[in-house]
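Residue-level structure breakdown
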Amino acid sequence: MPLHLERIEWMPSPPLVPDDGPIDIGHLQRMTLGDPNLEREVLAMFSAQSVSLITSLAAMPSEATALAHTLKGSARAIGACRVADAAESLEIVLRKGSDWSGALAELEDAVAEARAAIDALLRRS
């Protein structure tokens, strides 16, 4: 029996994990019970807090592990997954006493990305 092959135009597949950007909007909406005013408030609070924590972390004070942990929790609360993961990585590196410079740089990048997304979201509302 001959095999009949037909050319089909390529179509990209959807991603296996949705890419919601730096802020998981669905998670944020669930956490704020769909209240757009509360969403804006917690996003603005996170943006301000993250700048303060990154500034403090840059000096690597004795409480740096606790500061990274705080940032991790705040990021998870609003759906800033990359920030949370980077903060957790920094927290682990600090506990191990390893070189923390790369982990801090990654966290700084993640925070900058999240803050840019937050600024865009707040401008739209």
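As a reminder, the structure under discussion sits directly above these lines.
Here is a short report on the structure shown in this document. Computed from a predicted structure; not experimentally measured.

Observations regarding the packing of helix H4 (residues 81-96) against helix H5 (residues 101-124)
Two numbers describe how H4 lies on H5: the axes approach to 9 Å, and their chain directions differ by 160°. Taken as axis vectors, H4 and H5 run roughly antiparallel relative to one another. The hand of the H4/H5 crossing is left-handed. Of H5, the residues touching H4 (which contributes Arg82, Val83, Ala86, Ala87, Ser89, Leu90 and Val93) are Ala103, Leu104, Glu106, Leu107, Asp109, Ala110, Val111, Glu113 and Ala114. When its residues are assigned to classes, the contact of H4 with H5 shows 11 nonpolar, one polar and four charged.

Examining the nonpolar core
Membership of the largest hydrophobic core comes to 31 residues, with the highest contact counts inside it found for Ile23, Phe46, Leu71, Ile78, Val83, Leu90 and Leu107. Contributing elements (two or more residues each) for this core: helix H2 (36-58), helix H3 (64-78), H4 and H5. The greatest single-element share of this core, amounting to nine residues, is contributed by H5.

Cut-offs and rules
- Throughout, a residue's number is its position along its own chain's written sequence, starting from 1.
- Where totals are concerned, whole chains, interfaces and linings use all residues; where local detail is concerned, this predicted model gives features only for residues with pLDDT of at least 70, and gives and counts side-chain atom pairs only at 80 or more.
- The side-chain quantities take in all heavy atoms of the structure and omit both hydrogens and water.
- In this analysis an axis means a line fitted to C-alpha atoms, helices contributing only their contacting stretch, and an angle means the value between N-to-C directions, from 0 to 180 degrees.
- What counts as a helix is a DSSP run of H or I of at least four residues, what counts as a strand is a run of E of at least two, and both are numbered from the N terminus.
- The cut-offs work like this: below 35 degrees is roughly parallel, past 145 is roughly antiparallel, 65 to 115 is roughly perpendicular, and the gaps in between are oblique.
- In a left-handed crossing the near helix is turned counterclockwise from the far helix by less than a right angle, and in a right-handed crossing that turn is clockwise.
- We call two residues contacting when some pair of their heavy atoms lies within 4.5 Å.
- Each residue gets one label: Ala, Val, Leu, Ile, Met, Phe, Trp, Tyr, Cys and Pro are nonpolar, Asp, Glu, Lys and Arg are charged, and the others, such as Gly, are polar.
- Nonpolar cores were defined as sets of buried Ala, Val, Leu, Ile, Met, Phe, Trp, Tyr and Cys residues, with membership established by side-chain atoms within 4.5 Å.
- The buried label goes to any residue with under 20% of its type's maximum accessible area, the exposed label to any with over 50%, and the partly exposed label to all in between, with areas taken from a 1.4 Å probe on protein chains only.

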